[in-house]
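Okay, here's what each chain looks like letter by letter:
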Amino acid sequence: QVQLGESGGGLVQAGGSLRLSCAASGRTGDTYRMGWFRQAPGKEREFVAACSWSGVVTEYSDSVKGRFTIVRDRNTMYLEMNSLELEDTAIYYCAASTRAIAALVSTQLSDYDYWGQGTQVTVSS
């Protein structure tokens, strides 16, 4: 079992920055990859960013590329969000994958088997 807990969400003006944190505990040694997803009201949960177990390999959705940075430091994963836009408003979830698949990173929800409770990010004009 892996437990995940997000923090750092809040209200920010457009153009501002936030840093989300995800603390992992439990059997973190079984975690092969981690990621951030988000879900806006009335929309499906979507991929935001992912990193390999080491944090060296990363991948981003087109909508956040160049603005968001995913960082993994031991058992904590961060999402540094800059130049925030109104469309970034959503609940952000961190996720961990212990699945034995070949890919170092994954953008697919189905590849992740542990999820945090989510943290709200609201961007205002």
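For clarity, every value in this text was computed on a predicted model and none was experimentally measured.

Student: So, the pattern of salt bridges: which residues are in play, and what are the values?
Tutor: Two side chains of opposite charge can pair, provided their charged atoms sit close to one another. Counted by the stated rule, this structure contains five salt bridges. Linking aspartate 62 and lysine 65 is a salt bridge whose minimum nitrogen-to-oxygen distance equals 3.4 Å. Of the charged contacts, one joins aspartate 88 and arginine 67 as a salt bridge, the two residues approaching to 2.8 Å between their closest N and O atoms. A residue pair is termed long-range when its members are at least 10 positions apart, and aspartate 88 in the loop between strand 8 (76–81) and strand 9 (90–97) and arginine 67 in the loop between strand 6 (58–60) and strand 7 (68–73) qualify at 21 residues.

Student: Can you tell me about the sheet that holds strand 8, naming the residues and giving the values?
Tutor: The pairing of strands in a sheet comes from backbone hydrogen bonds and takes either a parallel or an antiparallel form. Spatially, 1-3-8-7 is the arrangement adopted by the four strands of the open sheet, whose pairing is antiparallel. Each edge of the open sheet carries a strand with a single partner, namely strand 1 (2–7) and strand 7. Sheet twist, expressed as the mean angle between neighbouring strand axes with direction ignored, is 15°. Sheet topology note: the strand 7/strand 8 ladder contains six bridges and is antiparallel. Along strand 8, the bridge assignment pairs phenylalanine 68 with methionine 81.

Student: Requested: an account of the side chain of arginine 33, with residues and values cited.
Tutor: Position of arginine 33 relative to the elements: it lies in strand 4 (residues 33–39). Salt bridges are absent for the buried arginine 33, whose nearest opposite-charge side chain, aspartate 111, sits at 6.5 Å. For arginine 33, the side chain forms a polar contact with the side chain of serine 97, separated by 2.8 Å. Of the polar contacts made by the side chain of arginine 33, one reaches the backbone oxygen of alanine 103; its length is 3.0 Å.

Student: Quick one: what's the story with a nonpolar patch on the surface, residue by residue and with numbers?
Tutor: Nonpolar side chains collect at one region of the surface, where Val56, Val57 and Leu104 lie side by side and expose about 280 Å² of accessible area between them. The topology assignment puts valine 56 in the loop between strand 5 (46–52) and strand 6.

Calculation criteria
- Residues numbered from 1 in each chain as written.
- Predicted model: local features only at pLDDT ≥ 70, side-chain atom pairs only at ≥ 80, totals over all residues.
- Heavy atoms only, no water.
- Salt bridge = Lys/Arg side-chain N within 4 Å of Asp/Glu carboxyl O.
- Helix = DSSP H or I, 4+ residues; strand = E, 2+ residues; numbered from the N terminus.
- Pairing = 2+ DSSP bridges.
- Axes fitted to C-alpha atoms, helices over the stretch in contact; angles between N-to-C directions.
- Buried < 20%, exposed > 50% of the residue type's maximum accessible area, 1.4 Å probe, protein only.
- Lys, Arg positive; Asp, Glu negative; His and termini not counted.
- Polar contact = N/O pair within 3.5 Å; in protein donor to acceptor, adjacent residues only side chain to side chain.
- Patch = residues over 30% accessible without salt bridge, like charges linked within 9 Å, V, L, I, M, F, W, Y side chains within 5 Å.
- Areas by Shrake-Rupley, 256 points an atom, 1.4 Å probe, with all protein chains shown as cover.

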